[in-house]
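Next come the chains, spelled out residue by residue.
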Amino acid sequence: MNVSGRVVSILVVMTVFSACGTALAAEAPGECPSQAPAFKWAPATFDTFTDKVFLTVELHGSLLNDVEDRRPMSDSFGYDVKAGWRWKTLGVFFVFEQNMWVTSQFELGVTQGVANIGLGLEVNYLGGYARTSVAIGPSILLFDTAIDDAGNTGFFLDVRPIGMRWPINRFFAITLDPMSFAIVAPALDRIPLVMIQFRTTLGFEFVM
Amino acid sequence: MILVICLTPGPASAWQILTAMTDPCHEQMSFSAVPGITGSVFPGESAVYSGSALFPPSDVPYDGVVSGIAELIAGDIGVEFDSYPAELAALSLFVGSRYPDVMEGSAYDFFVMRPLMLTDAHEDSHCLRRSWDDGRDGDVTALDACRNLIGTQLRIAIESARLGLEQRFVRHTVSIDFYVTVDVMLYEPTYRLGRALHTFEDSFSHTLRTDDLVQVVSVMNSIDAVSGDFDEDRDGLAHSLAMDRCMDDASGIAPVAAGAVRELVTATAVATNPGGVDEIEQVLDRWLTLKPGCDRGNDYCDSQWFEIARRDPYEPFIPMVLGCGQNVAPVMCPWLLLVMFVPLGIARIRRSK
């Protein structure tokens, strides 16, 4: 198994264990994550972030990918907007993201990349300071490559094993996913266009 | 991105090839000789060999992947193709003329590039001295090896052109953004022509020539210069990065090289035709003849190109890019190179276990 395969396996296992552990914890009486005290360094708690609609705006970048021998080929960055509903532990959301791709082989530049639209599930734990999430949906190519045309549609999968959330006040929080894993595959016919990205994501969340 | 900047120009460069940071010198020279390709910065007389089997015929089957990649490189190089056969010819020539520098990989794949630079096996394809090509005799043996390699590739091109159309294709890997590598079917006669042209073109950037650029005065040396065990009296002139810059320092040499390329392509195209006269050897005689008796002792017969050939010589790579060698290369951010290299090396070692 190559490096990418091992990293992906580790991330998936971490995701499964995190989700299972959180689900068990949620079953235990008196351990509702919303009742956990705030950490010393956190100015607010997760209490006001549950049973509400939430909206998140995030920026992500990926300097690690499945062609690490050939860096900087396939570097990418982008933004996303999420909207969803969160119960105590579980949350569901809709996500739209644009993932822009850097060209470097023959010319330095940035392409429009892909638009990813998906549905996701999140699990919150450690008093809401940590979360694990998965999102999946179609990935739409936004520019003509040498081989595929804009509009070509495949799929994307975004797996975030452990992300962090710092509530700033009752309604706003900063989120950080130090390392997440995404498969972006907007073209699957002929010569597949599949990128495996290891992303770092910083975001801003608020509830209403 | 930092790594790209730090490593430009790359270690295996000859005339530069198209990357995000270097000019498409080889590609422009080679394209200037091919029918159906316009816009080269080295324009010459219109081709008289249209219809030669050295290039794809008008009824060659269409391949959308080939066409797409050809259009991609056309935009990056700044040329245009008038038909699909011209696209196929261009891509075949593009891959062939880059082969000695990157083989089937990417210019950013350091684990492919390293052996290309550090072994004698590839020096003749760049018209450079091998480690044993020493002294005045070294000029002779190195130039012979260079010429033999050109002749071999051209003979393969001609033999391939005499096969049936469906047998004239060869599978090759092309490295492009996002797809990493793509397998394409290239037209072998033109692909082999590209490999020969790379070496022929390098005979202008890797040798010191007479003022009229027709005869070779001395063949340069990369492998000893990079190794750190370099003695100019024994090994000849060190390979010069300045000589690789066809649109800058060596802009006075490149158009002449492109003209010689057109001469060689014309001779090969004629030889490919049934009953055609083979004048390839005459062309090689004209451009690859050594002027005897020139070395460091007599300032290489006072060649006017000597001053350029002395600029930015090769040295052991790390001191050269870190700016602590005898001759400092123009690198923008040298110490970041180390920061980038360490994780790459660790990843590679782990992967190989």
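Residues numbered from 1 in each chain as written. Chains lettered and ligands numbered in written order. Predicted model: local features only at pLDDT ≥ 70, side-chain atom pairs only at ≥ 80, totals over all residues. Heavy atoms only, no water.

The next thing to look at is the overall build of chain A. Summing up its helical and strand segments, chain A has one helix and eight strands in all. Every one of the 208 residues in chain A was classed for burial, and the buried ones make up 51%. Considering only contacts in chain A between residues 6 or more positions apart, those separated by 24 or more positions represent 60%. For chain A, the exposed area adds up to about 9,000 Å²; of that, 73% sits on carbon and sulfur atoms. (Helix = DSSP H or I, 4+ residues; strand = E, 2+ residues; numbered from the N terminus. Buried < 20%, exposed > 50% of the residue type's maximum accessible area, 1.4 Å probe, protein only. Contact = heavy atoms within 4.5 Å. Areas by Shrake-Rupley, 256 points an atom, 1.4 Å probe, with all protein chains shown as cover.)

Attention now moves to the confidence of the model for chain B. Of all residues in chain B, 84% have pLDDT values of 70 or greater, and the mean over the chain is 85. Below a pLDDT of 50 lies the segment residues 1–12 of chain B, which in the model reaches 38 contacts outside its immediate sequence neighbourhood of four places, other chains included. (pLDDT = per-residue confidence, 0-100.)

Here the focus is the side chain of Thr111 of chain A. Within the fold, Thr111 of chain A resides in strand β4 (residues 109–125). Assessed through its relative accessible area of 12%, Thr111 of chain A is described here as buried. Excluding its chain neighbours within four sequence positions, the residues that come into contact with Thr111 of chain A are Met100, Trp101, Thr103 and Phe143 of chain A together with Phe178 of chain B.

Residues and elements named next belong to chain B. At a minimum axis separation of 12 Å, helix α6 (residues 135–161) and helix α11 (residues 280–287) run at an interaxial angle of 155 degrees. What the angle tells us is that α6 and α11 run roughly antiparallel. In the crossing of α6 with α11, the sense of the turn from one axis to the other is right-handed. Contacts from Arg147, Ile150, Leu154 and Ile158 of α6 reach α11 at Ile280, Glu281, Leu284 and Asp285. Residues that form the contact of α6 with α11 fall into these classes: five nonpolar, no polar and three charged. (Axes fitted to C-alpha atoms, helices over the stretch in contact; angles between N-to-C directions. Parallel < 35°, antiparallel > 145°, perpendicular 65-115°, else oblique. Left-handed = near helix turned anticlockwise from the far one by under 90°. Nonpolar A, V, L, I, M, F, W, Y, C, P; charged D, E, K, R; others polar.)

All names here are of chain B. Even without being a glycine, Leu213 presents a positive backbone phi close to 65 degrees. As for its placement among the helices and strands, Leu213 is situated in the loop between β5 (207–209) and β6 (216–219). By relative accessible area, Leu213 is classed as buried at 2%. Look at Cys301: it is not a glycine, yet its phi comes out positive at around 55 degrees. Summarising the element assignment, Cys301 is placed in helix α12 (residues 299–302). A residue is classified by how much of its surface remains accessible, and Cys301, at 28% relative accessible area, is partly exposed.

Attention now moves to the pattern of salt bridges. All names here are of chain A. Under the counting rule described, the total for this entry stands at 30 salt bridges over all chains. One salt bridge in this structure joins Arg160 and Asp80, with 3.7 Å as the shortest N-O distance. Separated by 80 residues along the polypeptide, Arg160 in strand β6 (residues 153–167) and Asp80 in strand β2 (residues 76–86) bring together distant segments of the chain. Taken as a pair, Arg160 and Asp80 share a single burial class, namely buried. (Salt bridge = Lys/Arg side-chain N within 4 Å of Asp/Glu carboxyl O.)

Before going further, it helps to spend a moment on the environment of Glu27 of chain B. Residues and elements named next belong to chain B. With respect to the helices, strands and loops of the structure, Glu27 is situated in helix α2 (residues 25–31). Under the relative-accessibility criterion, Glu27 is labelled buried at 0%. The spacing of Glu27 and Leu91 is 64 residues in sequence and 10.0 Å in space, taken between C-alpha atoms.

Moving on, we get to the sheet that holds β2 of chain A. The strands that make up a sheet pair up through hydrogen bonds in the backbone, lying either parallel or antiparallel. Residue and element names in this part refer to chain A. Taken together, the eight strands give a closed barrel; going around it, the order is β1-β2-β3-β4-β5-β6-β7-β8, and neighbouring strands pair in antiparallel fashion. Within the sheet, the average angular offset between the axes of one strand and its neighbour, ignoring direction, is 25 degrees. Pairing geometry for strand β1 (residues 52–65) and strand β8 (residues 193–207), over 10 bridges, is antiparallel. Bridge assignment links Leu59 to a residue of β8, and that residue is Leu202. (Pairing = 2+ DSSP bridges.)

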